Amino acid sequence: MDFKELVEAARTCRRFEEDKPLSVADLEWLVGCARLAPSGMNAQVLRYILVGKGETLDKLFPLSRWGGALKDWGGPHPGERPTAFIALLLPEKATELMCFDAGIAAQTVQLAATSKGWGCCIIKTFDHAGAAALLKIPAGMQIPLLLGLGAAKEKRVIAPMPADGSFKYWRDADGVHHVPKRDLKELVVARY
Ligand SMILES: Cc1cc2nc3c(=O)[nH]c(=O)nc-3n(C[C@H](O)[C@H](O)[C@H](O)COP(=O)(O)O)c2cc1C
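The following refers to the structure shown.

Analysis parameters
- Per-chain numbering applies: the sequence of each chain, read as written, is numbered from 1 onward.
- Only residues with pLDDT of 70 or above have their local features reported here, since the model is predicted, and side-chain atom pairs are shown and tallied only from 80 upward, although totals for entire chains, interfaces and linings are computed over all residues.
- Put plainly, near means the residue's C-beta atom, positioned from the backbone, lies within 6 Å of the molecule or strand in question.
- Each helix is a run of DSSP H or I of at least 4 residues and each strand a run of E of at least 2, with the numbering of both proceeding from the N terminus.
- All residues other than Ala, Val, Leu, Ile, Met, Phe, Trp, Tyr, Cys, Pro, Asp, Glu, Lys and Arg, Gly among them, are scored as polar; the first ten of these are nonpolar and the last four charged.
- Exposure is read from a count of other C-beta atoms within 10 Å of each residue's own; the residue is exposed at 12 or fewer, buried at 20 or more and partly exposed in between. C-beta atoms are placed from the backbone.
- By construction, the arc corresponds to the directions joining the helix axis to the C-beta atoms.
- Throughout, a pair of residues is in contact if the C-beta atoms placed from their backbones lie within 7 Å.
- At least two DSSP bridges between two strands are required for those strands to pair.
- Interaxial angles span 0 to 180 degrees and are taken between N-to-C directions of axes, which are lines fitted to C-alpha atoms, for helices over the stretch in contact.
- Oblique is the label for every angle not falling under 35 degrees (roughly parallel), over 145 degrees (roughly antiparallel), or within 65 to 115 degrees (roughly perpendicular).
- With the far helix as reference, a near helix turned anticlockwise by less than a right angle produces a left-handed crossing, and one turned clockwise produces a right-handed crossing.

1. As for the site of the ligand
Logical step 1: In the vicinity of the ligand, 13 residues are found, and the nearest of them are R11, T12, I122, K124 and T125.
Logical step 2: For the shell around the ligand, the element with the most residues is strand β3 (residues 118-123), which contributes three residues.
Logical step 3: Residues of the shell around the ligand, tallied by class, amount to six nonpolar, three polar and four charged.

Set out below in structure tokens:
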């Protein structure tokens with residue numbers, strides 16, 4: 001798989017093979033990739049909490065919200081739930097520069113997971129206070145993002161942008177997840 005193919009394959013994944021859980025060593029490998037990512041001023045302020053299968057995972061999952069645009073689906077069903085989470089930690093008073101680090105780290109994990117046949121969902125919509133309490137995060141820190149992870153179960157494809165301009169992702173009758181992406185023509189606004 002060349003790099004463009006990896007990026008194409010690295011679609012958000014929201015359904016997983018729950019009987020093939022990721023291990024804590026797998027999560028450490030993912031963070032081992034993220035730790036090499038670019039960082040504003042190279043300050044490397046991000047910290048990580050790894051959550052593998054067990055009681056903490058069972059309590060964290062219900063605090064997270066999945067696929068808000070899929071109106072008739074409330075999130076992964078039993079048997080297809082994430083088998084791990086990585087919580088990204090930043091200082092409570094994170095600067096804008098630090099927030100960019102979180103995005104870069106999240107995408108690095110998503111790409112790294114895809115390279116192993118795993119899926120990843122970057123999650124901003126979750127009970128932030130509940131997750132912070134459950135994971136006993138250090139004082140003065142916050143969780144900007146959760147990364148839901150597991151062996152990928154669902155088929156996800158890139159779709160052309162529809163004529164009406166709707167950027168909502170959707171699922172077809174066969175359960176394939178379609179993600180509209182804007183054309184390069186629309187994105188590049190100037191060339192010099
Ligand atoms: C910053 C950020 C926050 C996100 N938060 C959520 C979330 O709370 N729940 C969810 O199901 N997906 C979430 N996503 C995943 C997006 O919905 C997904 O990236 C988008 O639909 C495009 O799909 P793609 O990742 O396959 O390109 C988030 C993605 C990003 C980058």
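Structure's up, so let's keep going.
2. Describing helix α2 (residues 24-34)
Logical step 1: Here α2 has its buried residues at L27, L30, V31 and A34. For α2, the angular spread of the buried residues around the axis is 95°, confining them to a single face. Turned more than 90 degrees off the buried face of α2, the exposed positions are A25, E28 and G32.
Logical step 2: On its buried face, α2 sits against β1 (47-51), β2 (84-91) and α4 (96-115).

3. Let's talk about the sheet that holds β1
Logical step 1: One open sheet holds the four strands; their spatial order is β1-β2-β4-β3, and the pairing between them is antiparallel. Only two strands of the sheet have a single neighbouring strand rather than two, namely β1 and β3. The average angle at which neighbouring strand axes cross in this sheet is 20°, direction not considered.
Logical step 2: The sheet contact formed by β1 and β2 spans five bridges and is antiparallel. When the sheet's bridge partners are listed, Y48 is paired in β2 with L88.

4. Here we look at unusual backbone geometry
Logical step 1: Of note in this structure, M41 is not a glycine but carries a positive phi near 60°.
Logical step 2: Among the secondary structure elements, M41 is positioned in the loop between α2 and β1.
Logical step 3: Given 10 C-beta atoms within 10 Å, M41 falls into the exposed group.
Logical step 4: Its identity is not glycine, yet K136 carries a phi of approximately 50°, on the positive side.
Logical step 5: Following the sequence through the fold, K136 ends up in the loop between α5 (128-134) and β4 (141-151).

5. So, the environment of G32
Logical step 1: Mapped onto the fold, G32 is located in helix α2.
Logical step 2: Placed 106 residues apart in sequence, G32 and P138 show a C-alpha to C-alpha distance of 21 Å.

6. Re the sheet that holds strand β6 (residues 170-171)
Logical step 1: As summarised here, the arrangement of the three strands in space is β5-β7-β6, forming an open sheet in which the pairing is mixed. Every other strand in the sheet has two partners, leaving β5 (156-160) and β6 as the edge strands with one partner each.
Logical step 2: Strand direction decides the pairing type here: β5 and strand β7 (residues 177-181), joined by five bridges, are parallel. Pairing of I158 across the sheet is with V179, part of β7.

7. Quick word on the packing of α2 against α4
Logical step 1: As a packed pair, α2 and α4 sit with axes 8 Å apart at the nearest point and diverge in direction by 130°. Looking at the two axes, α2 sits oblique to α4. Our pair here, α2 against α4, has a crossing hand that is right-handed. Facing L30, C33 and A34 of α2, the residues of α4 in contact are A105, T108, V109, A112 and A113.
Logical step 2: Residue classes in the contact of α2 with α4 are distributed as seven nonpolar, one polar and no charged.

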